[in-house]
Amino acid sequence: MQKASLIYDAKATLGEGPFWDYKSDQLFWVDIEAGVLHCHYDKTKENSAWHLEEMIGAVIPSGKETLILALETGIASFNYNTRELRPLGILENSDKKLRFNDGKCDPNGNLWIGTMHKNLKPGYGNLFKVDHELKDTLQIKNTSISNGMAWSPDKTKFYYIDTAVYEVWQFDFDVVKAEISNRKTIFKIPVAYGGADGMTIDREGMLWIAHWGGGCVRRWNPESGKVLEKIEVDAPHVTSCCFGGKDLKTLYITTARSGMSEKDLNSYPLSGGLFCYTTDVGGFKVNSFKGNL
């Protein structure tokens, strides 16, 4: 059996959105509901955390020591050394029922970020793109649980997950214009597998999908819709994954304990922990936001 190993027993409420900062050998990730930004130092195995006063839907790299945070109230920049937090006036939000969920940058450095209802009301969210001039445009409307995003190695396809519909969507991606078109469902997720949550892509173009309620990460072939590998995780709610490490062959995996009963937590005490698994095939360096901050 292929199984992930625990790195840090963080007991995160809703661990999510990891990315590997290849310039500093650090892994950043968030606890959305607790409003905590986490950092795992690969060399020393130490962990740091910054506690903010609102939910953090996503963390994205943007230049030296600067991160983009999708806070409840809008998009902000954060310098993790000086702790300077600066609202950017992008996608400002005053709707207390709404929050951001999952965001990544495309090959051109544009930010793609989704929203969702805190109580999972269907169709309440949207997926937006924020370009270099900090202009936001609606890309996919009326989503429910905006999640996993990935671009194909040849930059011609964009993969996207709305967890609530148990499907993985593929769009044509125009890398020059950074535009998507021609949506189609490339495969469906059996309900018994758990919902498709966060996602990353490897060098062979295969999709690694975290399964909420499924206790695992599965590697999927987007062409055939077949499962190629299954990585077991000692937590039922597996939320996201990314490639990291020096050779980008370490799969980092986040988990959650949100909504779990005391009985469930006694059965799965490592829920909310940060895990890893060494793969045979590596991933790609993360795309940074190239907006004019």
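Data block above holds the structure.
Given the structure is predicted, the values throughout are model-derived calculations rather than measurements. Residue numbering note: each chain is counted from 1, following its sequence as written. The model is predicted, so local features are restricted to residues of pLDDT at least 70 and side-chain atom pairs to those at 80 or more, both for listing and for counting; the totals for chains, interfaces and linings are taken over all residues. Derived side-chain values reflect all non-hydrogen atoms in the structure, with water molecules and hydrogen atoms excluded from consideration.

(A) Quick peek at the overall build of the protein chain. In terms of helices and strands, the protein chain carries 1 helix and 24 strands. Note that the radius of gyration is over C-alpha atoms, with the globule rule given as 2.2 Å times the number of residues to the power 0.38. The C-alpha radius of gyration computed for the protein chain amounts to 17 Å, which stays within 12% of the reference 19 Å derived for 293 residues, consistent with globular compactness. Considering only C-alpha atoms, the protein chain reaches an extent of 50 × 45 × 40 Å along its principal axes. Looking at the protein chain as a whole, 57% of its 293 residues qualify as buried. Two residues qualify as a contact provided that any one of their heavy atoms is within 4.5 Å of a heavy atom in the partner residue. Across the protein chain, contacts joining residues at least 24 apart in sequence account for 45% of those joining residues at least 6 apart. Exposure was quantified through the Shrake-Rupley algorithm and a 1.4 Å probe, taking into account, for residues, occlusion by the shown protein chains and nothing else. Accessible surface for the protein chain amounts to roughly 12,600 Å². Of this, 46% is attributable to carbon and sulfur atoms. Here a helix means four or more residues in a row that DSSP labels H or I, a strand means two or more in a row labelled E, and each is numbered from the N terminus. Only protein chains enter the accessibility calculation, which uses a 1.4 Å probe; a residue is then buried when its area is under 20% of its type maximum, exposed when over 50%, and partly exposed in between.

(B) Expanded view of the environment of Trp 208. By the secondary structure assignment, Trp 208 is in strand 19 (residues 207-212). Expressed as a C-alpha distance, the spacing of Trp 208 and Trp 220, which sit 12 residues apart in the sequence, is 6.2 Å. Contacts described as polar in this section are N or O atom pairs within 3.5 Å, which, within protein, must combine one atom able to donate a hydrogen with one able to accept it, while residues neighboring in sequence count only if both atoms come from side chains. At 2.8 Å, the side chain of Trp 208 and the side chain of Asp 202 are in polar contact.

(C) Representation of the sheet that holds strand 15 (residues 157-162) in the model. Read from one edge of the open sheet, 4 strands run 14-15-16-17, paired in antiparallel fashion. The sheet is open, and its two edges are formed by strand 14 (146-151) and strand 17 (179-188), each paired on a single side. The mean angle between the axes of side-by-side strands here comes to 25°, regardless of whether they run parallel or antiparallel. Strand pairing is assigned whenever DSSP identifies at least 2 bridges connecting the two strands. Of the pairings in the sheet, the one linking strand 14 to strand 15 comprises 5 bridges and is antiparallel in character. Each bridged residue has a counterpart across the sheet, and for Asn 147 the counterpart in strand 15 is Ile 161. Geometry is summarised by axes, namely lines fitted to C-alpha atoms with helices restricted to the contacting stretch, and by angles between N-to-C directions that run from 0 to 180 degrees.

(D) Up close: the pairing of strand 8 (residues 74-79). In terms of residue burial, strand 8 counts as a mostly covered element, since 6 of its 6 residues are buried. In this structure, strand 7 (residues 66-71) lies alongside strand 8, joined through 6 bridges in antiparallel fashion. When the bridges of strand 8 are listed, Leu 69 appears paired with Ala 76. The hairpin formed by strand 7 and strand 8 contains 2 residues between the paired strands. With 5 bridges connecting them, strand 8 and strand 9 (residues 84-90) associate as antiparallel partners. Across the sheet, Ile 75 pairs through a bridge with Ile 90, a residue of strand 9. Linkage of strand 8 to strand 9, two consecutive antiparallel strands, is achieved through a turn of 4 residues, within which Arg 83 is found at a positive phi near 65°.

(E) Quick peek at the side chain of Lys 129. When you line up the elements, Lys 129 lands in strand 12 (residues 125-130). At a separation of 2.8 Å, a polar atom in the side chain of Lys 129 contacts the main-chain carbonyl oxygen of Ala 178. Residues in contact with Lys 129, not counting those within four places in the same chain, are Asn 110, Leu 111, Trp 112, Lys 135, Asp 136, Thr 137, Gln 139, Lys 177 and Ala 178.

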